[in-house]
Amino acid sequence: MIKIRKPEDIYQIDGEVQDGTFHGRWHFSFGDYHDPAFERFGTLRVFNDDTLSPGAVWPLHPHRDNEVVTYCASGEFRHADEHGKGGLLRKGWVQHTTVGTGMWHSEINNRKDEPMRFIQMWFLPSKHGLPPSVEQKKVEKSERTNSFLPVVSNHHPGALRIVSDAEVYSCFLREGHATSYQVTKGRGAYLYVLEGGPVKVDGQTASALCAVMALDEKEVSVLAAGDAELLLVDVLIV
């Protein structure tokens with residue numbers, strides 16, 4: 001089953017944060033937004049597409065027992081804990097955080113002259129009470145061109161590890177090119193068109209900011225009618 005979630009069907013929110021504003025596209029229930037039809041997708045609990053205005057800061061806030069993956073879609077993302085320590089992500093780079101026993105952190109637009117867009121995903125952990133840890137990975141555009149590159153996975157060398165039954169892939173698919181992803185039994189794929197396109201997913205059209213939910217499919221095939229930035233999440237369906 002392939003289900004297309006159109007951009008207008010995904011919850012949107014605008015608000016103020018420290019030193020600026022944010023715009024969010026929240027795919028699943030989060031904060032004050034609650035939709036019983038979209039609580040989660042397998043082990044994927046949160047999928048937020050957020051944009052911070054130049055210089056804006058999402059202030060320090062606590063987390064506990066989450067597996068968090070952050071993908072920089074544009075600009076420069078800076079992560080900082082309560083001690084001011086963290087890392088910098090540029091477009092296409094990715095970060096994994098085991099929150100475990102708990103930590104405070106903030107998300108920061110490192111640039112004063114342009115917005116910053118990032119995708120933050122939360123996954124249900126397979127172990128609880130672990131010490132917090134943060135790792136990140138630089139990804140070159142050439143590495144993810146015309147194929148799905150595993151950026152978070154427990155099964156692929158070079159990918160960031162995660163304490164959850166989940167994997168994250170990124171792809172820059174050039175116009176006229178096609179790629180596919182094999183989905184094993186008992187798992188689902190959540191594909192997001194970050195920008196560009198449109199793309200054809202098993203014959204159905206998905207434009208920019210569309211999401212595609214694939215269940216009980218052996219393969220997800222994607223053909224780009226225009227250059228497209230894609231994220232794909234593979235999860236255990238529970």
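Refer to the structure printed above.
The model shown is predicted, which means the values in this text are computed figures rather than measured ones. (Residues numbered from 1 in each chain as written. Predicted model: local features only at pLDDT ≥ 70, side-chain atom pairs only at ≥ 80, totals over all residues. Heavy atoms only, no water.)

**Brief notes about the nonpolar core**
Item 1. Grouped together as the largest cluster of nonpolar side chains are 30 residues, with contacts concentrated most on Leu44, Phe47, Met121, Phe123, Val168, Tyr190 and Val233.
Item 2. Put simply, the parts of the chain that give this core at least two residues each are strand E4 (44-52), strand E6 (67-74), strand E11 (116-123), strand E13 (149-152), strand E14 (166-173), strand E16 (187-196), strand E19 (211-215) and strand E21 (228-236).
Item 3. Not counting the four nearest positions on each side in its chain, valine 168 is found in contact with Val69, Met121, Phe123, Leu149, Pro150, Val151, Val152, Leu231, Leu232 and Val233.
Item 4. Core analysis: the next-biggest nonpolar cluster, separate from the first, contains 23 residues, Cys171, Leu191, Ala206 and Val220 among them. (Core = buried A, V, L, I, M, F, W, Y, C linked by side-chain atoms within 4.5 Å. Buried < 20%, exposed > 50% of the residue type's maximum accessible area, 1.4 Å probe, protein only. Helix = DSSP H or I, 4+ residues; strand = E, 2+ residues; numbered from the N terminus. Contact = heavy atoms within 4.5 Å.)

**Digging into the sheet that holds strand E3 (residues 20-26)**
Item 1. Pairing in this open sheet of seven strands is antiparallel, and the strands run E2-E3-E4-E11-E6-E9-E12 from one edge to the other. The open sheet has two free edges, formed respectively by strand E2 (11-17) and strand E12 (133-137), since each of these has just one partner strand. Taken pair by pair, the neighbouring strands of this sheet meet at an average axis angle of 20 degrees, ignoring direction.
Item 2. Both E4 and E11 contribute to a ladder of eight bridges, which runs antiparallel. (Pairing = 2+ DSSP bridges. Axes fitted to C-alpha atoms, helices over the stretch in contact; angles between N-to-C directions.)

**Here we look at the sheet that holds strand E17 (residues 199-201)**
For sheets, the rule is that strands pair by backbone hydrogen bonds, running either parallel or antiparallel.
Item 1. With respect to topology, four strands assemble into an open sheet ordered E15-E20-E17-E18, the strand pairing being antiparallel. One side of each edge strand has no neighbouring strand; the edge strands of this open sheet are strand E15 (178-182) and strand E18 (204-206). Strand-to-strand, the axes of this sheet are offset by a mean angle of 25 degrees, without reference to chain direction.

**Describing the environment of isoleucine 13**
Item 1. Mapped onto the fold, isoleucine 13 is located in strand E2.
Item 2. As a C-alpha pair, isoleucine 13 and leucine 194 span 181 residues in sequence and 17 Å in three-dimensional space.

**Focus: the packing of aromatic side chains**
Item 1. Within this structure, the stated rule accounts for 13 aromatic pairs.
Item 2. For the pair tyrosine 11 and tyrosine 33, a centre-to-centre distance of 4.2 Å together with 5 degrees between the ring planes defines the contact as stacked. Taken together, the residues span a long stretch of sequence, with tyrosine 11 in strand E2 and tyrosine 33 in the loop between E3 and E4 at a distance of 22 residues.
Item 3. Look at tyrosine 33 and you get buried, because its relative accessible area is 11%.
Item 4. When the ring of tryptophan 26 is compared with that of phenylalanine 30, the centres are 4.9 Å apart and the planes differ by 80 degrees; the resulting orientation is edge-to-face.
Item 5. On the basis of relative accessibility, which here comes to 6%, the residue tryptophan 26 falls in the buried class.
Item 6. Here the aromatic residues Tyr11, Phe22, Trp26, Phe30, Tyr33, Trp58 and Trp122 are joined through ring pairs into a cluster of three or more.
Item 7. Stacked on the ring of phenylalanine 28, the Lys or Arg arginine 5 has its end atom at 5.6 Å from the ring centre. (Phe/Tyr/Trp six-rings, centres within 6.5 Å; stacked < 30°, edge-to-face > 60°. Lys NZ or Arg CZ within 6 Å of the ring centre and 35° of its normal.)

**A short note on the pattern of salt bridges**
Item 1. Summed over all chains, the structure comprises 10 salt bridges.
Item 2. The partner of aspartate 113 in a salt bridge is arginine 111, and the shortest N-O contact between them spans 2.8 Å.
Item 3. By relative accessible area, which is 55% here, aspartate 113 ends up exposed.
Item 4. Residue classification places arginine 111 among the partly exposed residues on the basis of a relative accessible area of 27%.
Item 5. Of the charged contacts in the structure, one is a salt bridge between aspartate 165 and arginine 187, with a shortest N-O distance of 2.8 Å. Pair noted here: aspartate 165 is in the loop between E13 and E14 and arginine 187 is in strand E16, with a separation of 22 residues, a long-range link.
Item 6. The network of salt bridges with common partners includes Glu76, Arg90, Arg111, Asp113 and Glu114. (Salt bridge = Lys/Arg side-chain N within 4 Å of Asp/Glu carboxyl O.)

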